[in-house]
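# Structural overview
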Amino acid sequence: MCNIWKGDTPDRLMPEHMRKLPSGLRTINLSGGEPFLRDDLADFVRAAHEQCPQAIITISTNAFLPDRIAEQMPRLLEIDPGLHLAISLDGLGAAHDRIRGVPGVFERAKGLIERLTADGYRGLRLSMTLSNENLDQLTDVAQLAERLGLELGVVAAHGAGTHLGIGSDDVAVDRVPAWLGGAFEKVIAPRLRSWRAKNWLRAHFTWGTYRYLAGRPWEIRCRAGRDMFFLQADGAVYSCSVRGQEMGNIVDEEFPEIWTGPRAIKAVEFVHRCPERCWMICTARPTYRAKWFSVCAWIIWKKLLAHLRMFHLPDLSSDASEDAA
């Protein structure tokens, strides 16, 4: 769906290169393409887990291969009992199939979810990328996640101009309809009424996604190239996955020389003037640590309103923005 499969990046990254990662990493996302296409995925998980024992490792999957995934999960969980699996879901039924371009893949994803939950696997969550193609599916997917008792991550499709050369301007949201704020309210309010702190943070992040889609992102100081990085299939290390600048190559170099080298310094300098103002989990997490007071204040106030059934989002639709301008 993100069209990364159209790229011509060579696969140089191997499991042994995971042993070059900094041992203090706290989160690792093994993404793709589709990670379960690799016969050595378990070796990647093992190497990453042994090198970074504190890290929460998540595999992001499109669930196109439910039998293969279900068969591999027991072995992967033996390696890392805390392993998380994020299944991408763009909508329900035909909407998901249309966006993914393959008939029947929603039923495959649904079957995999049912199979894993029946086996008692507790590290499963859903991930939804909002684009021009599926804004109307937000509440349906959120309700499905709630019925299944699964966490749902809601992120925005980011536009083109990426270093991958395969941007998504054709799907990135270009106009926010007036009803979208109400849809986000239905997703955020139950999270605020929850008594799990993780849900409160997800409520705040989802609010930030709404602001990003409306062209009014929460002001943050991006920590790309300092608190996070993107590792590409050819071994190249970038400051991030959107406007990231190349810092070095983990296949050919050791990580400390990449992280402190001249290209890394230039990459961080670029981050200071980057115009993208992204809103993704990896960019938001460091901001939460730096702005914990304002995040806590937002949560306390909005949680009170949610319990009083008075929680509302401001109208940030395209028409409202134009009127305000």
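Right, let's walk through the structure included here.

### What about a nonpolar patch on the surface?
- A surface patch of nonpolar side chains, amounting to about 430 Å² of accessible area, comprises Trp301, Leu304, Leu308 and Met310.
- In this fold, Trp301 is placed in helix H11 (residues 292-307).
- Under the relative-accessibility criterion, Trp301 is labelled partly exposed at 48%.

### With respect to the packing of aromatic side chains
- What the rule picks out here adds up to 11 aromatic pairs.
- The interplanar angle of 40° and the centroid separation of 5.1 Å between the aromatic rings of Phe184 and Tyr210 together place this pair among those described as tilted. Pair noted here: Phe184 is in helix H6 (residues 180-193) and Tyr210 is in helix H7 (residues 197-213), with a separation of 26 residues, a long-range link. In this pair, the class of Phe184 matches that of Tyr210, namely buried.
- Taking 5.9 Å as the distance between ring centres and 85° as the angle between the ring planes, the aromatic pair formed by Trp292 and Phe293 counts as edge-to-face.
- On the basis of relative accessibility, which here comes to 61%, the residue Phe293 falls in the exposed class.
- Directly above the aromatic system of Trp218 lies the positively charged group of Lys291, at a separation of 5.2 Å from the ring centroid.
- Note that Lys303 overlies the ring of Trp195, its terminal NZ or CZ placed 4.0 Å from the centroid.

### Focus: the side chain of Asp40
- Structurally, Asp40 can be placed in the loop between strand E1 (27-30) and helix H1 (41-51).
- Setting aside chain neighbours within four positions, we find Asp40 in contact with Met14 and Pro15.

### As for the pattern of salt bridges
- If you walk through the whole model with that rule in mind, you get 15 salt bridges.
- Notably, a salt bridge pairs Lys20 with Glu254, separated by 3.7 Å at the nearest N-O pair. With a gap of 234 residues between them, Lys20 in the segment before E1 and Glu254 in the loop between strand E8 (246-249) and helix H8 (255-260) connect regions that are remote in the sequence.
- In the salt-bridge network here, residues are joined through shared partners; they are Glu151, Arg196, Lys198 and Arg202.

### Overview of the sheet that holds strand E6 (residues 230-231)
- If you trace the three strands from one edge of the open sheet to the other, you get E6-E7-E8, paired in antiparallel fashion. Whereas interior strands pair on both sides, the edge strands pair on one side only; in this sheet they are E6 and E8.
- For E6 and strand E7 (residues 236-238), the ladder comprises two bridges, and the chain directions are antiparallel. Each bridged residue has a counterpart across the sheet, and for Phe230 the counterpart in E7 is Tyr238.

### Remarks on the nonpolar core
- Counting 84 residues, the largest nonpolar core has Leu85 and Phe184 as its most contacted members.
- In terms of residue count, the dominant contributor to this core is H6 (seven residues).
- If we skip the residues at most four places from it in the chain, Leu85 touches Phe36, Ile59, Thr61, Ile69, Met73, Leu116, Tyr121, Gly123, Leu124 and Arg125.
- Ranked by size, the runner-up nonpolar core spans seven residues in total, among them Met228, Cys240, Val242 and Met280.

### A closer look at H1
- When H1 is considered as a whole, its buried residues turn out to be Leu41, Ala42, Phe44, Val45, Ala47 and Ala48.
- The inward-facing, buried residues of H1 abut E1, strand E2 (56-61) and helix H2 (66-79).

### Examining the state of the cysteines
- With the rule as written, the count across this model stands at zero disulfides.
- Cys278 forms no disulfide, and the closest cysteine sulfur to it belongs to Cys240, at a distance of 5.5 Å.
- The cysteine Cys282 is free of any disulfide, with Cys240 supplying the nearest cysteine sulfur at 7.3 Å.

### Side note on the sheet that holds strand E4 (residues 124-130)
- Ordered by their spatial adjacency, five strands build an open sheet running E1-E2-E3-E4-E5, and the pairing between neighbours is parallel. The sheet terminates laterally at E1 and strand E5 (151-156), the two strands that pair on one side only. With strand direction ignored, the average angle separating the axes of adjacent strands in the sheet is 25°.
- In terms of strand pairing, E1 meets E2 through four bridges, oriented parallel. From the neighbouring strand, Ile28 faces E2, where its bridge partner is Ile57.

Each value, and the rule that gives it
Each residue is numbered by its place in its chain's sequence as written, counting from 1. Reporting of local features is limited, given that this is a predicted model, to residues whose pLDDT is at least 70; pairs of side-chain atoms are given and counted only at 80 or more, and all residues count toward the totals for whole chains, interfaces and linings. No hydrogens and no water enter the side-chain calculation; it runs on all heavy atoms of the structure. Each patch groups residues whose relative accessible area exceeds 30% and which form no salt bridge, using 9 Å between like charges and 5 Å between nonpolar side chains of Val, Leu, Ile, Met, Phe, Trp and Tyr. All accessible-area figures derive from a Shrake-Rupley calculation using a 1.4 Å probe, and residue coverage is judged against the displayed protein chains alone. Salt bridge, as applied in this entry: a Lys or Arg side-chain nitrogen positioned within 4 Å of an Asp or Glu carboxyl oxygen. What counts as a helix is a DSSP run of H or I of at least four residues, what counts as a strand is a run of E of at least two, and both are numbered from the N terminus. Only protein chains enter the accessibility calculation, which uses a 1.4 Å probe. A residue is then buried if its area is under 20% of the maximum for its type, exposed if over 50%, and partly exposed in between. Ring geometry is summarised as follows: Phe, Tyr and Trp rings, the Trp one being its six-membered ring, pair when their centres sit within 6.5 Å, and such pairs are stacked at plane angles under 30 degrees, edge-to-face over 60 and tilted between the two. For a Lys NZ or an Arg CZ to count as sitting over a ring, it must be within 6 Å of the ring centre and within 35 degrees of the ring normal. Note on contacts: a residue pair qualifies if any of its non-hydrogen atoms lie within 4.5 Å across the two residues. Only strands joined by at least two bridges in the DSSP assignment are considered to pair. What is meant by a nonpolar core is a set of buried Ala, Val, Leu, Ile, Met, Phe, Trp, Tyr and Cys residues, joined one to another through side-chain atoms within 4.5 Å. Disulfide assignment relies on a single distance test, namely cysteine sulfur atoms paired within 2.5 Å. Convention adopted: a line fitted to C-alpha atoms gives each axis, helices being fitted over their contacting stretch, and angles between N-to-C directions are expressed from 0 to 180 degrees.

Treat this as a map of the structure, not an account of what it does.
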